[in-house]
Amino acid sequence: MDNNILAQQKAFFHTGKTKALTYRVDALYTLRDLIKDNETSIAEALQKDLRKSFFDSFLTEIAVLLEEIKFTIKHVKKWARPAKVKSALTTIGSKSMIYPEPYGNTLIIAPWNYPFQLAIAPLIGAIAAGNTAVIKPSELTPHTSRLIAQLIAEHFPPEYITVVEGGVEVSESLLEESWDHIFFTGSVAVGRNIMQAAANHLTPVTLELGGKSPAIIHHDAQINHAAKRLVWGKFLNAGQTCVAPDFVYVHQDIQAEFLKEVTVQIERLYGENAIENPAYTKIVNEKHFKRLSTFLTNGQSYYGGRVDQSNHLIEPTILTEINWQDPIMQDEIFGPILPVLSYKELDDVITKIKEQPKPLALYLFSEDEKVQQKILQSLSFGGGCINDTVMHLSSPHLPFGGVGNSGIGSYHGRASFDAFTHYKSVLKQTTKMDFPFRYPSEKSLKLLKKLIK
């Protein structure tokens, strides 16, 4: 990385321009127009990199950003306003204020699975909070990366927002610098490296990672809705979604009926041969294709399993007779393969999920309020849905983030502003009087003890 980039952004931040609310809002409008004016170019880049359909590109990479920007513009003035809070009895006569202020110079490292959306979504929060930003898009989606770099360069000065392209060596170079905040979306393994690098400078981080997100289909679930929504959430983007259902537990009483309905819904969405469907997303590269292909021999193939190696395509696949010792259950799948496990007692499912690292998402299909509350109170996870999948990401009112192994911090809506903001606490004391109890004496000690009882 050109060391001048960070130096220029530091100098620009110290001018105070990015802190002005009008500057932030104007930048958000610019970002909105940039996206609106280039919808076709964005979709074309995504099609070249991942074979995404225009519908999927618009739904998951464009529309969600436009809604996020709209929500942020509407609320940022309120978020950025200093807030007066109560003063403690021991500070009587004072005023207590909380001042939201930007961290300063931020680094955003984006992944390849939603390469446009996951580069720009954190940027919305960085802009709204008043920061500068350097974006490092994924080298695995070169067309989208190049387009992001081009569009940002055309609409923003580099001392404010810029894009640095390149491979792992570029990311490593960036991480050697002293940033005020780092926002990373990607795998757990790389997240650990990001956090270690950030620790060298005591830099705060937001880590949006992943893990094995479970779905639970209870015996009272509405099978048609459960199958349709599970299939959509799992095979969207060919399963290359951090919150995709990674595996599903199905109650043994409805397993046969549920599996039958799943196959119906797969063919309704993708046809009888998804590989020949031009709207079906491919696996990003040969390395990931080979990794996923090794899982196809796990358990028993209930549906699918066909591949097109030359085009890196794996059709939606359902595996049964799976156990936790199988390779597919050892790490996040991140592809269009769904292991199905059965259960008789819900407590057994809860126990098994508790034994695993905390997942980024969890999905429960049940009409029973007691069952819903039992899962919510028994299991820790980043976020999720009841009787749906993935859709919790679409609401700017819901913070999105992981817990434990699945991430640190959250964003979307107000949470994006918070992710890039330091809340500075200030106590303004009166000079009209000076209470003696703060100063050491026997009388002060007695008074203090009386006050705190």
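Keep in mind it's a predicted model, so treat the numbers as computed, not measured.

### Some points on the overall build of the chain
So, step 1. Along its length, the chain carries 15 helices and 20 strands.
So, step 2. Whereas a compact globule of 453 residues would reach a radius of gyration of roughly 22 Å, the chain reaches 25 Å, a difference of no more than 12%.
So, step 3. Counting only C-alpha atoms and orienting by the principal axes, one finds that the chain spans roughly 80 × 55 × 35 Å.
So, step 4. Scored against the burial criterion, the 453 residues of the chain give a buried share of 54%.
So, step 5. Here the analysis covers contacts within the chain between residues at least 6 apart in sequence; of these, 72% occur between residues at least 24 apart.
So, step 6. When the accessible area of the chain is evaluated, it comes to approximately 20900 Å², of which 53% is carbon and sulfur surface.
So, step 7. For the chain, the separation between the mean place of its 47 positive charges and that of its 48 negative charges on side chains is 14 Å.

### Concerning the packing of helix α9 (residues 223–235) against helix α10 (residues 255–270)
So, step 1. Interaxial distance between α9 and α10 falls to 8 Å at its minimum, and their mutual angle equals 55°. Comparing their axes, α10 and α9 come out oblique. For the element pair α9 and α10, the recorded crossing hand is right-handed. Facing Ile223, Asn224, Ala226, Ala227, Lys228, Leu230, Val231, Trp232 and Phe235 of α9, the residues of α10 in contact are Glu257, Phe258, Glu261, Val262, Gln265, Ile266, Arg268, Leu269 and Tyr270.
So, step 2. The residue inventory of the contact of α9 with α10, partitioned by class, reads 12 nonpolar, 2 polar and 4 charged.

### Some details on the UniProt feature "active site" (unreviewed entry) in the chain
So, step 1. According to UniProt, the positions carrying the feature "active site" (unreviewed entry) are Glu208.
So, step 2. Counting through the fold element by element, glutamate 208 comes out in strand β7 (residues 205–208).
So, step 3. The contact partners of glutamate 208, leaving out residues within four places of it in the chain, are Phe183, Phe184, Thr185, Gly186, Phe400, Gly401, Gly402, Ser406, Gly409, Ser410 and Tyr411.

### Topic: the packing of helix α12 (residues 346–354) against helix α13 (residues 369–378)
So, step 1. Running from N to C, α12 and α13 cross one another at 20°; their axes reach a closest spacing of 11 Å. Regarding the angle of α12 to α13, the classification is roughly parallel. For the pair α12 and α13, the crossing hand works out as right-handed. Counted together, Leu346, Asp347, Ile350 and Lys354 of α12 and Val371, Lys374, Ile375 and Ser378 of α13 form the full contact between these two elements.
So, step 2. In the contact of α12 with α13, the residues fall into 4 nonpolar, 1 polar and 3 charged.

### So, helix α4 (residues 54–80)
So, step 1. In this model α4 runs 36 Å from its N-terminal to its C-terminal C-alpha over 27 residues, within 8% of the 39 Å that 1.5 Å per residue would give.
So, step 2. When the local axis directions of α4 are compared, the greatest deviation, roughly 45°, occurs at lysine 74.

### Some words on the packing of aromatic side chains
So, step 1. What the rule picks out here adds up to 15 aromatic pairs.
So, step 2. Ring centres 5.7 Å apart and planes at 50° place the aromatic pair tryptophan 79 and phenylalanine 417 in the tilted group. Taken as a pair, tryptophan 79 in helix α4 and phenylalanine 417 in helix α14 (residues 414–419) lie far apart in primary sequence, 338 residues in all. Note on accessibility: tryptophan 79 and phenylalanine 417 belong to one class, buried.
So, step 3. Ring geometry for phenylalanine 183 versus phenylalanine 420: centroids 5.7 Å apart, planes at 10°, classification stacked. With phenylalanine 183 in strand β6 (residues 181–185) and phenylalanine 420 in the loop between α14 and β20 (421–428), this residue pair connects regions lying 237 residues apart in the sequence. Each of the two residues, phenylalanine 183 as well as phenylalanine 420, counts as buried.

### Describing the UniProt feature "domain: Aldehyde dehydrogenase" (unreviewed entry) in the chain
So, step 1. Mapped onto the present numbering, the UniProt feature "domain: Aldehyde dehydrogenase" (unreviewed entry) falls on residues 10–426.
So, step 2. As a span, residues 10–426 carries 41% helix and 20% strand, and end to end its C-alpha atoms are 25 Å apart.

### So, a positive patch on the surface
So, step 1. Together, Lys84, Lys95, Lys428 and Lys432 give the surface a local cluster of positive charge.
So, step 2. Looking at the element boundaries, lysine 432 is found in the loop between β20 and α15 (442–451).
So, step 3. Residue classification places lysine 432 among the exposed residues on the basis of a relative accessible area of 81%.

### Some words on the side chain of glutamate 61
So, step 1. By the element assignment, glutamate 61 lies in helix α4.
So, step 2. At a separation of 2.4 Å, a polar atom in the side chain of glutamate 61 contacts the side chain of lysine 52.
So, step 3. Excluding its chain neighbours within four sequence positions, the residues that come into contact with glutamate 61 are Leu46, Lys52, Asp56, Asn113, Tyr114, Pro115, Phe116 and Gln117.

### Some points on the nonpolar core
So, step 1. If you look at the biggest cluster of nonpolar residues, it comprises 117 residues, and the most contacted ones within it are Ile35, Leu123, Ile217, Phe258 and Ile318.
So, step 2. It is helix α5 (residues 117–129) that contributes the most residues to this core, 10 residues altogether.
So, step 3. The contacts of phenylalanine 258, once residues within four sequence positions are left out, are Ile217, Ile223, Ala226, Ala227, Leu230 and Val250.

### Quick word on the sheet that holds β7
The pairing of strands in a sheet comes from backbone hydrogen bonds and takes either a parallel or an antiparallel form.
So, step 1. With mixed pairing, 6 strands are arranged side by side in an open sheet as β5-β4-β3-β6-β7-β18. Because the sheet does not close on itself, it has two edges, and the strands there are β5 (161–163) and β18 (407–408).
So, step 2. With 3 bridges connecting them, strand β4 (residues 132–136) and β5 associate as parallel partners. Following the sheet pairing, isoleucine 135 is matched in β5 by valine 163.
So, step 3. In the packing of helix α8 (residues 188–199) onto the sheet, contacts are made with β3 (105–109), β6, β7 and β18, and the angle to β6 comes to roughly 175°.

### What to know about the pairing of strand β9 (residues 247–251)
On a regular strand, one side chain projects to one face of the sheet and the next to the other, so that they alternate.
So, step 1. Most of β9 sits out of view: 5 of its 5 residues are buried.
So, step 2. Side chains Phe247, Tyr249 and His251 project from β9 onto one buried face, and the interleaved Val248 and Val250 project onto a second face that is buried too.
So, step 3. The pairing of strand β8 (residues 214–217) with β9 spans 4 bridges and is classified as parallel. Note that in β9 the partner of isoleucine 216 across the bridge is tyrosine 249.
So, step 4. Assessed by its sense of winding, the connection that carries the chain from β8 through α9 to β9 is right-handed.
So, step 5. By the bridge criterion, 4 bridges tie β9 to strand β14 (residues 337–343) in an arrangement that is parallel. The partner of histidine 251 across the bridge, within β14, is tyrosine 343.

### Here's the deal with the side chain of threonine 72
So, step 1. Within the secondary structure, threonine 72 sits in helix α4.
So, step 2. Setting aside chain neighbours within four positions, we find threonine 72 in contact with Leu28, Trp79, Ile124 and Ala128.

Parameters at a glance
Residues numbered from 1 in each chain as written. Predicted model: local features only at pLDDT ≥ 70, side-chain atom pairs only at ≥ 80, totals over all residues. Heavy atoms only, no water. Helix = DSSP H or I, 4+ residues; strand = E, 2+ residues; numbered from the N terminus. Rg over C-alpha atoms; globule rule 2.2 N^0.38 Å. Buried < 20%, exposed > 50% of the residue type's maximum accessible area, 1.4 Å probe, protein only. Contact = heavy atoms within 4.5 Å. Areas by Shrake-Rupley, 256 points an atom, 1.4 Å probe, with all protein chains shown as cover. Lys, Arg positive; Asp, Glu negative; His and termini not counted. Charge placed at Lys NZ, Arg CZ, Asp CG, Glu CD. Axes fitted to C-alpha atoms, helices over the stretch in contact; angles between N-to-C directions. Parallel < 35°, antiparallel > 145°, perpendicular 65-115°, else oblique. Left-handed = near helix turned anticlockwise from the far one by under 90°. Nonpolar A, V, L, I, M, F, W, Y, C, P; charged D, E, K, R; others polar. UniProt positions renumbered as here; feature names shortened; annotations may be inferred. Expected span 1.5 Å × (residues − 1). Bend = angle between axes of the 7 residues up to and from the residue. Phe/Tyr/Trp six-rings, centres within 6.5 Å; stacked < 30°, edge-to-face > 60°. Patch = residues over 30% accessible without salt bridge, like charges linked within 9 Å, V, L, I, M, F, W, Y side chains within 5 Å. Salt bridge = Lys/Arg side-chain N within 4 Å of Asp/Glu carboxyl O. Polar contact = N/O pair within 3.5 Å; in protein donor to acceptor, adjacent residues only side chain to side chain. Core = buried A, V, L, I, M, F, W, Y, C linked by side-chain atoms within 4.5 Å. Pairing = 2+ DSSP bridges. Right-handed = clockwise from strand over helix to strand, strands pointing away.

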